[in-house]
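Here are the chains, one letter per residue:
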Amino acid sequence: MPRLYESRKRILVTGGAGFLGSHLIDRLIAQGHEVICADNLFTGTKRNIEHLHANPRFEFLRHDVCNPLKLEVDEIYNLACPASPVHYQYNPVLTTKTSVMGAMNMLGLAKRLRCRIFQASTSEVYGDPEVHPQREDYWGHVNPIGTRACYDEGKRCAETLFFDYHRQHGVEIRVARIFNTYGPRMHPRDGRVVSNFITQALAGEDLTVYGDGAQTRSFCYVDDLIDGFLRLMEAPSGVTGPVNLGNPHEFTMMELSSQVLKLTGASVKVIHQPLPADDPRQRRPDISLARETLGWEPKVELAEGLANTIAYFRTLSPPH
Ligand code: NAD
Ligand code: UDP
Ligand code: UDP
């Protein structure tokens, strides 16, 4: 329902044509707000937001966050950044620029407007962690010159800028460290395990498990994650984060492959391929802080989330 004018906010979402951004915009629009989506469509697509074009409370702006942006808004969510290794390693210099210059420009905007700003940070700031599960007070273990550094260090520097704008200029910041998330509108060719397994199963191809498949991950369903974004943004002044947002429920890649096979009904095999270098055995968030400060925890079970994601991927694939 549209809100009364007094409580309606105008909200800027950078990276709004992407996977997470488009779900965030759907929720903000459903709450009655006005949304400006700024995106250069590097990995995002108009398809993710095409259902919003007729809505008078939605506006799309093709814009690269490496450039300054002058607008009048009440809140900013900064999500613009390629997120998966295939995408962020395609042009690593641009990835660092997007994280760092994008953060600086959006913080400059927030400083001028005296408005609250949210940063989509990442579990990658912990690098290849030496402690499990990761808490927010762990400083991380990042290789500053490796091929993942453009993303990891870019996001770390963005966090630094957020905290310095907060301390030096009093900007109200909200920093979320997002762990692996999946759901409809995730990029089908991002090379991640969920999208690979589903596209393979739907195409009648064998599922490629890297290594023995005993490594574990924990995946958060997108609706749960967006609920965490909104709670963090609405939290009282003083709650800056960083706050881990993710699902602490761990499963092995073999378990994931069985679930995908069961839910798609595909009659294909699992084949093993070499484990990529530096592939972590385990990754899992400690979400105690989000539970305590935001009253947040994920609710959607893997089977339900996967079923929704598979239904979405079916709309992209040719019929079988
Ligand atoms: P995505 O690639 O679907 O979305 C990113 C969006 O940013 C895209 O629409 C892309 O076109 C846009 N973009 C990229 N560079 C830009 C630029 N210079 N100017 C303007 N727009 C630009 O990825 P996502 O999964 O939706 O990720 C959104 C944010 O969340 C990213 O900042 C990412 O680092 C972070 N994150 C995501 C995950 C996850 O599991 N999906 C995990 C940790 C962090
Ligand atoms: N900026 C922007 N929109 C604004 C205000 C600032 O894009 O409404 C950009 C500005 O161009 C600068 C960055 O944000 O590159 C940081 O701004 P800040 O005011 O902090 O720094 P300064 O402009 O003094 O270097
Ligand atoms: N993986 C896999 N098959 C694939 C893609 C990935 O077995 O087709 C494995 C990968 O080696 C890793 C896990 O799945 O152990 C998660 O990989 P992803 O790239 O999705 O996320 P990340 O490693 O960044 O957590």
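Above this text sits the structure in question.
Overview of the structure. Within each chain, residue numbers correspond to sequence positions counted from 1 in written order. Chains and ligands are labelled sequentially in the order written, the chains with letters from A and the ligands with numbers from 1. Local features in this predicted model are restricted to residues whose pLDDT is 70 or higher, and side-chain atom pairs enter the listing and the counts only when it is 80 or higher, whereas totals over whole chains, interfaces and linings include all residues. As a rule here, side-chain values cover all heavy atoms of the structure and leave hydrogens and water aside.

1. Notes on the overall build of the protein chain
Okay, step 1: A tally of regular secondary structure across the protein chain gives nine helices and 13 strands.
Okay, step 2: Here the globule rule reads 2.2 Å times residues to the power 0.38, and the radius of gyration is calculated from C-alpha atoms. A globule of 320 residues ought to have a C-alpha radius of gyration of about 20 Å, and the protein chain, at 19 Å, matches this closely.
Okay, step 3: By its C-alpha atoms, the protein chain is 55 × 45 × 40 Å across when sized along the principal axes.
Okay, step 4: Among the 320 residues that make up the protein chain, the fraction classed as buried is 53%.
Okay, step 5: By definition, residues are in contact when any of their heavy atoms lie within 4.5 Å. For the protein chain, contacts bridging at least 24 residues in sequence account for 81% of all contacts bridging at least 6. In this description a helix means any DSSP run of H or I spanning at least four residues, a strand means any run of E spanning at least two, and both kinds are numbered starting from the N terminus. Think of it in three bands: residues with accessible area under 20% of the maximum for their type are buried, residues over 50% are exposed, and the middle band is partly exposed, with areas taken using a 1.4 Å probe on protein chains only.

2. Remarks on the pattern of salt bridges
Between side chains of opposite charge, a pair can form when the charged atoms approach closely.
Okay, step 1: We count a salt bridge whenever a side-chain nitrogen from Lys or Arg sits within 4 Å of a carboxyl oxygen from Asp or Glu. This structure, assessed with the given rule, holds 18 salt bridges.
Okay, step 2: Measuring nitrogen to oxygen at the nearest pair gives 3.0 Å for the salt bridge that ties K9 to E75. Taken together, the residues span a long stretch of sequence, with K9 in the segment before β1 (10-14) and E75 in strand β4 (residues 75-78) at a distance of 66 residues.
Okay, step 3: Accessibility expressed as a relative area gives 8% for E75, which makes it buried.
Okay, step 4: E124 is the salt-bridge partner of R148, the closest N and O atoms lying 3.3 Å from each other. Of this pair, R148 sits in the loop between β5 (116-122) and α4 (149-169) while E124 sits in the loop between β5 and α4, and the two are 24 residues apart along the sequence.
Okay, step 5: Linked by salt bridges that have partners in common, R8, R10 and E34 make up one network.

3. Details of the environment of A277
Okay, step 1: Position of A277 among the secondary structure elements: in the loop between β13 (270-273) and α8 (288-294).
Okay, step 2: Taking the C-alpha atoms as reference points, A277 and I76, separated by 201 residues in sequence, lie 37 Å from one another.

4. Considerations on α4
Okay, step 1: Take the residue count of a helix, subtract one, and multiply by 1.5 Å to get its expected span. For α4, built from 21 residues, the straight-helix expectation of 30 Å at 1.5 Å per residue is met to within 8% by its first-to-last C-alpha distance of 28 Å.
Okay, step 2: Inspection of α4 places A149, C150, Y151, D152, G154, K155, A158, E159, L161, F162, F163 and Y165 among the buried residues, and these make up the whole buried set.
Okay, step 3: Residues of α4 that are buried sit in contact with α2 (85-88), α3 (92-113), β5 and β6 (173-178).
Okay, step 4: Backbone geometry just downstream of α4 places G170 in the positive-phi region, at approximately 70°.

5. Focus on empty space enclosed by the protein
To locate leftover empty space, one rolls a probe as large as a water molecule over the atoms.
Okay, step 1: Cavities and pockets are found on a 1 Å grid laid over the protein atoms alone: a cavity is a set of points where a 1.4 Å probe fits but cannot escape, a pocket is an open set with protein on both sides within 12 Å along at least five of seven lines, and a lining residue has an atom within 4 Å of such a point. Grid points are joined across faces, edges and corners, and a volume is the space filled by probe spheres set on the points. Taken as a whole and assessed by the stated rule, the structure comprises one cavity of 30 Å³ or more.
Okay, step 2: Approximately 40 Å³ is the volume attributed to the largest cavity.
Okay, step 3: Surrounding the largest cavity, K9, I11, L28, Q31, H33, E75, Y77, L230 and E234 form its lining.
Okay, step 4: The set of elements that each furnish at least two residues to the lining of the largest cavity consists of β4 and α6 (222-234).
Okay, step 5: Of the residues in the lining of the largest cavity, the class split is four nonpolar, two polar and three charged. Gly is put with the polar residues, along with every residue not named as nonpolar or charged; the nonpolar set is Ala, Val, Leu, Ile, Met, Phe, Trp, Tyr, Cys and Pro, and the charged set is Asp, Glu, Lys and Arg.

6. Overview of the nonpolar core
In a soluble, globular protein the nonpolar side chains are often hidden away together inside.
Okay, step 1: Counting 60 residues, the largest nonpolar core has L24, Y77, F118, F229, L245 and L256 as the members making the most contacts within it.
Okay, step 2: The greatest single-element share of this core, amounting to seven residues, is contributed by α6.
Okay, step 3: In this structure L245 touches A176, R177, I178, F179, L225, G228, F229, A290, L294 and W296, once residues within four positions along its chain are discounted.
Okay, step 4: L12, M106, F162 and V171 belong to the second largest nonpolar core, which has 26 residues in total. Side-chain atoms within 4.5 Å link the members of a nonpolar core, which is a set of buried Ala, Val, Leu, Ile, Met, Phe, Trp, Tyr and Cys residues.

7. Observations regarding the packing of helix α1 (residues 19-30) against α6
Okay, step 1: Remark: α1 packs on α6, axes separated minimally by 10 Å, with the N-to-C direction vectors making an angle of 65°. The hand of the α1/α6 crossing is right-handed. The residues of α6 that touch α1, namely those facing F19, L20, H23, L24, R27 and L28, are V222, D223, L225, I226, D227, F229 and L230.
Okay, step 2: Tallied by class, the residues present in the contact of α1 with α6 amount to nine nonpolar, one polar and three charged. Helix axes are fitted only over the stretch in contact, all axes being lines through C-alpha atoms; the angle between N-to-C directions runs from 0 to 180 degrees. Each crossing is labelled by how the near helix is turned from the far one, with a counterclockwise turn of less than a right angle marking it left-handed and a clockwise turn marking it right-handed.

8. Let's talk about the environment of P242
Okay, step 1: Checked against the element boundaries, P242 lands in the loop between α6 and β11 (243-245).
Okay, step 2: Along the chain, P242 and K299 lie 57 residues apart, while their C-alpha atoms are 21 Å from each other.

Honestly, it's all geometry; don't read function into it.
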